[in-house]
Structures are given as structure tokens and as C-alpha cells.
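Structural features, examined
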There are 2 protein chains.
Amino acid sequence: MIKAKDSYHHGDLRHAIIEEAKIWIETKDISSLSLRGIARRLGVSHNAPYRHFTDKESLLVTIAEMGFEKLKQWLQQVLAKNTLTPEEEIKALGVKYIEYAVSNPAYYRVMYSAYLSDYQKYPSLDKAAEESFTILIETIAQGQKAGVIRAGDTRELGYVCWSLVHGVSMLYLERQLRSSTIESVEKLAKLATAMMIEGLEVKQES
Amino acid sequence: MIKAKDSYHHGDLRHAIIEEAKIWIETKDISSLSLRGIARRLGVSHNAPYRHFTDKESLLVTIAEMGFEKLKQWLQQVLAKNTLTPEEEIKALGVKYIEYAVSNPAYYRVMYSAYLSDYQKYPSLDKAAEESFTILIETIAQGQKAGVIRAGDTRELGYVCWSLVHGVSMLYLERQLRSSTIESVEKLAKLATAMMIEGLEVKQES
DNA sequence: TGGTATATGTTGCTATTGTCAACATTTATC
DNA sequence: GATAAATGTTGACAATAGCAACATATACCA
């Protein structure tokens, strides 16, 4: 979205900056992202972005927050079905999580890219991240209450699940999984979550 | 290691640069790393590092390679015991992997920090990464041969294990696991690998 | 309707960085 | 001991983040 040549005001610069940043991060990478570069592409002056974001980091924080918001929505879609057992739900959440990361690489990279290691500095970002994690935690807790998921610190079990899907997502996005396609990640996601569930289930005495 | 004030040559600048970079990445973060900053701290001119590294990326590549070398050594220590069952071995590899990441944050961050997404560009780095992964793969393959680990694409099973331990490592290093200490990660590592093994084991008919 | 405050954009500046080229000094080699 | 190679320095340029001062459009209010 380039500024109309003759108008002084862009009209929706804030939004345009965010979109352009997402495209940049998706097609190039986050480390090369520059506010001036974005401004140039949008046909505005090099300082125009500073009217909408106090600095580069604040743009990234905004994008990360949007990303967590969207992730939360994706995960909530899984729960909305309301026809799944707790185990199926956890599995479906895991698969959905990876699908989200694969489908929204720019968001996911910003959310977890070490550029924002200090989440504490941004309470609203911290809250957004925690809220999407809470969806998983509560589902696990329900499974525990129903007696189908192993007892133990719910948050810790949640960390294990989260680590798994985060690992798959990151390794895929950073191209560490050799010659992997979207389809093969999808397959990997199903395998990984299926295996994880076995570790989560209550064991029968044999 | 600062240069002796009166000597023209540093003596071991290449090594000093690497060490300084590791300290920087450990105490600050990778995105703020600068060659000029390192040179300044070492008391040499801003261009001295270019006699040892063609550019900033090549320094990072060197560090990443060293990191994979060291990781390989850590993992091989587990196999060296030679007293474990395949399942125990896989579990121990997972725990060791996370211990490595936690104990060598600078290495681990450089190895997986998205600054080097193009591993293909650096064959020796690519090779080093693949070699440490191979240790896991071969252990899983042995377990499959022994009939204790589930059948299936060995590499894919390896990806699942790797994703899990990578996820734990990254989330810890990027401070996403709230109020977690080294001890709590250690505990998390054991739980995660124990759960993973249950997903890997061959199922008895019940 | 007109006038002023506010939001939004621009221009120009400084400091920092990566990197190149040219030059200096030391060390190695024959 | 002379010359080549390795290592370090100085000085440049371009790009970037971000500040300050200024310009223009828009919103709002009497």
C-alpha cells in the first residue's frame, strides 16, 4: 500500500507499516528489517514511522501482540467444537498450534525471535502470551480432573507440550528440518502430538 | 583478553574475538552484537577483526560450528557409558542436550538464532549440525532394531525428539518459561524425556 | 464559518555500525 | 639481511536508529 502521490497524509500508515513489516519478515528475515526500508517502500519519509511507533522495537512488540491474539483465536477454534475428549483436544491444540506457526511465519518469528527477550518490559505482550498458554493449561487440567491425563504439576505438563510444538514450529520455520514441506510438517505435527499424548495419558496397570 | 598496551600485534586476536563475542551474547543478546564493539573492548582498531573474519556473519558461523562440535562431544559422552538400554540412552541424550543448551547459552543461541538461517551457504556448518543429529538417529535406529522402539521413519521420530528438547532449550534460554531456574529446567528435561519415551516405546497388547 | 489544537509527515542532523581501500608494522622465510 | 606474508591501523562511505525543528492537514470548538 503505497501513499497516493499527491496526498500529504498516507491515510492508514500505521496499518501499512505493520503489513509491510510482516511481508519483509516473511520474505527476507527479521534481522534485516529496517524502519527506513519500510518507509521507503511505502513512499513516505524516513521518519514517518516514528509518528506511529516510538521505535523499532515497539513495532515488533505490536506485531507480536497481534500474533498472540491471532494464535489465541486459532486455538479457541479447536475448543469451540466441543465434541472432543480431553486427549483429542490436547492433540488437536498441538496440531493447530503448528499449523498456526506454519501459516503465519512472520507473526511466529516475531513472537519468538529473541528480539523481544524482555517480555517483562511489555506487560500487554506478556499477558497476550500467557493467555494463549492458558488455553492449553486449562485443557490439560480438565483432562486431569477427568482422570485421563496423568497427575502432576499442570503447568509443567503444559511446558512439555508447548516445548514440543514450539520446537517443531521453530525448526521448520528456521529451515532446520531438511527438505521439509508444509505437508511433511503437517505429518510431523500429527506424529509428535500423538506420541506426546501417550506420555500424558494415565497408565493402566498391566 | 585485552591487548598488551605497547605491542602492535595482539597475539591471539582471533581467539579473543570469539571469546568476547560469546560473553557478549551471553550477557546481552545476539542482536546487539557488533564487531566494532568487540574490537573496542579488546583494545584493537575497529577493523582488526576483519583480518580474522571476512564479515560479521562469518564470526557467527565459526561460533555455531564450534557449538555443534561441542554438542556432539557432550552427546557422545552419553553413549560412551555403554551400559544403557536404547530407551535409557535416548532419554539420557535428551537430558544431556538440554543440559548442554542451558550450560552453553551463547553457543546455543548462535546455533539456532535465525541469524544463520541459510545453513546451506555454509557446508561445514551444515555438516556439523547434521552430525550431532546423527547421534540421535542412530540410537533410535538401534532401538528399533532391538524391537523396543516403535517402527516408522527413523528420521521423523528423530525430529520429534529433537523438537522437544530444542523447544525446552529455546523457551528456557529466551526466558519464556516463567520464573524458571536451572534446577527447574533440569526437572522439566527429565519429565519431558520420560514422557517422550512412552510415545516412542513399542506398545504391548493389553 | 473561521480559528486554533492536534495528528501526521518532512527535512536535516548526529551517532553507530559494517565494510572497503590504502597504508604500517611485525613476523616468517629463504 | 631482504623480501613476502600476516596482522593491525587509519580514513573513508553508505546505511541505519533516532532526535529536533518545521510543515501541512484534520479535528474540534466558539
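Residues numbered from 1 in each chain as written. Chains lettered and ligands numbered in written order. Predicted model: local features only at pLDDT ≥ 70, side-chain atom pairs only at ≥ 80, totals over all residues. Heavy atoms only, no water.

Description of the protein's contact with DNA strand D
The following threshold applies: Only a single heavy atom is needed: when it lies within 4 Å of a molecule or strand, its residue is near that molecule or strand. By the criterion applied in these results, polar contacts are pairs of N or O atoms within 3.5 Å in which, for protein atoms, one can donate a hydrogen and the other can accept it, and in which residues neighboring in sequence qualify only through two side-chain atoms. Put simply, DSSP H or I for four residues or longer makes a helix, DSSP E for two residues or longer makes a strand, and each gets a number counted from the N terminus. In the scheme used here, Gly and all other residues not listed as nonpolar or charged are polar, with Ala, Val, Leu, Ile, Met, Phe, Trp, Tyr, Cys and Pro taken as nonpolar and Asp, Glu, Lys and Arg as charged.
Near DNA strand D, the surroundings consist of 27 residues, among which Arg36, Arg40 and Asn47 of chain A together with Ser45 and His52 of chain B are the closest. The protein-proximal atoms of DNA strand D, defined as those within 4 Å of the protein, are 51% sugar or phosphate. Note that a base oxygen of DNA strand D is positioned 2.9 Å from one of the side-chain N or O atoms of Asn47 of chain B. No other element matches the 3 residues that helix α2 (residues 35-42) of chain A contributes to the surface near DNA strand D. In the surface near DNA strand D, the residues fall into 8 nonpolar, 11 polar and 8 charged.

Some words on the protein's contact with DNA strand C
Surveying the vicinity of DNA strand C reveals 26 residues, the closest of which are Ser45 and His52 of chain A together with Arg36, Arg40 and Asn47 of chain B. The share of sugar and phosphate among atoms of DNA strand C within 4 Å of the protein is 51%. Side-chain polar atom of His52 of chain A to a phosphate oxygen of DNA strand C: 2.5 Å apart, as the coordinates give it. Side-chain polar atom of Arg51 of chain B to a base nitrogen of DNA strand C: 3.1 Å apart, as the coordinates give it. Partitioned by chemical class, the residues of the surface near DNA strand C number 8 nonpolar, 11 polar and 7 charged.

Some words on the interface of chain A and chain B
So the rule is basically this: We call two residues contacting when some pair of their heavy atoms lies within 4.5 Å. Buried area is understood as the total, over both parts, of accessible area removed when two parts are fitted together, assessed with a 1.4 Å probe. By definition here, a salt bridge exists when the distance from a side-chain nitrogen of Lys or Arg to a carboxyl oxygen of Asp or Glu is within 4 Å.
Of the residues lining the interface, 39 residues belong to chain A; the matching set on chain B comes to 39 residues. Buried surface at the junction of chain A and chain B, summed over both partners, amounts to about 3,800 Å²; 60% is from carbon and sulfur atoms. Where chain A meets chain B, there are 10 salt bridges. In this structure, the salt-bridge partner of Arg150 of chain A is Glu198 of chain B, at a minimum N-O distance of 3.3 Å.

Things to note about the packing of aromatic side chains
Residue and element names in this part refer to chain A. Rules: In this analysis, rings of Phe, Tyr and Trp, with Trp reduced to its six-membered ring, are considered paired at centre separations within 6.5 Å, and the interplanar angle assigns stacked below 30 degrees, edge-to-face beyond 60, and tilted for intermediate values. Working definition: with a 1.4 Å probe on protein chains only, accessible area under 20% of the residue-type maximum means buried, over 50% means exposed, and in between means partly exposed. Two thresholds decide whether a charge sits over a ring: the Lys NZ or Arg CZ must be within 6 Å of the ring centre and within 35 degrees of the ring normal.
Evaluation of the coordinates by the stated rule reveals 19 aromatic pairs over all chains. Both rings, one in Tyr159 and one in Trp162, keep their centres 6.2 Å apart while their planes meet at 35°; by these two values the pair is tilted. Placement of both Tyr159 and Trp162 in helix α7 (residues 154-173) is noted, with a separation of 3 residues, approximately one turn of the helix. Overall, the relative accessible area of 8% leaves Tyr159 in the buried class. Owing to a relative accessible area of 9%, Trp162 belongs among the buried residues under this scheme. Following the ring pairs from residue to residue traces out a cluster consisting of Phe68, Tyr97, Tyr108, Tyr112, Tyr119, Phe133, Tyr159 and Trp162. If you follow Lys28 out to its NZ or CZ, it ends over the ring of Trp24, 4.5 Å from the centre.

A closer look at the relation of the copies chain A and chain B
A rotation about some axis, followed by a shift along it, carries one copy of the chain onto the other. Our working rule: Here the copies were fitted onto each other by least squares, based on C-alpha atoms from residues at pLDDT of at least 70 in both.
For the pair chain A and chain B, the relating rotation is 180°, the translation along its axis is 0.0 Å, and the fit reaches an RMSD of 0.0 Å. Viewed as a symmetry operation, the transformation between the two copies matches a two-fold axis. An overlap of 100% is found between the interface residues of chain A and their copies at the interface of chain B, pointing to a shared contact surface.

Some remarks on the domain arrangement of chain A
Residues and elements named next belong to chain A. The criterion, for reference: Where each domain begins and ends is defined by an automated method or by a domain database.
If you check the domain split of chain A, you get domain 1 (13-51) and domain 2 (57-200). Taken together, the contact pairs 12 residues of domain 1 with 12 residues of domain 2. Interface of domain 1 and domain 2: buried area, both sides summed, is about 1,000 Å²; carbon and sulfur atoms make up 79% of it. The largest per-residue losses of area from domain 1 upon contact with domain 2 belong to Lys22, Ile25 and Ile30, which jointly make up 48% of the total buried on that side. Taken together, the connections running from domain 1 to domain 2 amount to 0 salt bridges. Counting every contact that joins domain 1 to domain 2 gives 2 residue pairs in polar contact (both at pLDDT 80 or more). Of all the secondary-structure elements, those providing two or more residues to the side of domain 1 that touches domain 2 are α1 (13-27) and α2. The element best represented in the side of domain 1 that touches domain 2 is α1, accounting for 7 residues. Considered class by class, the residues forming the side of domain 1 that touches domain 2 number 8 nonpolar, 1 polar and 3 charged.

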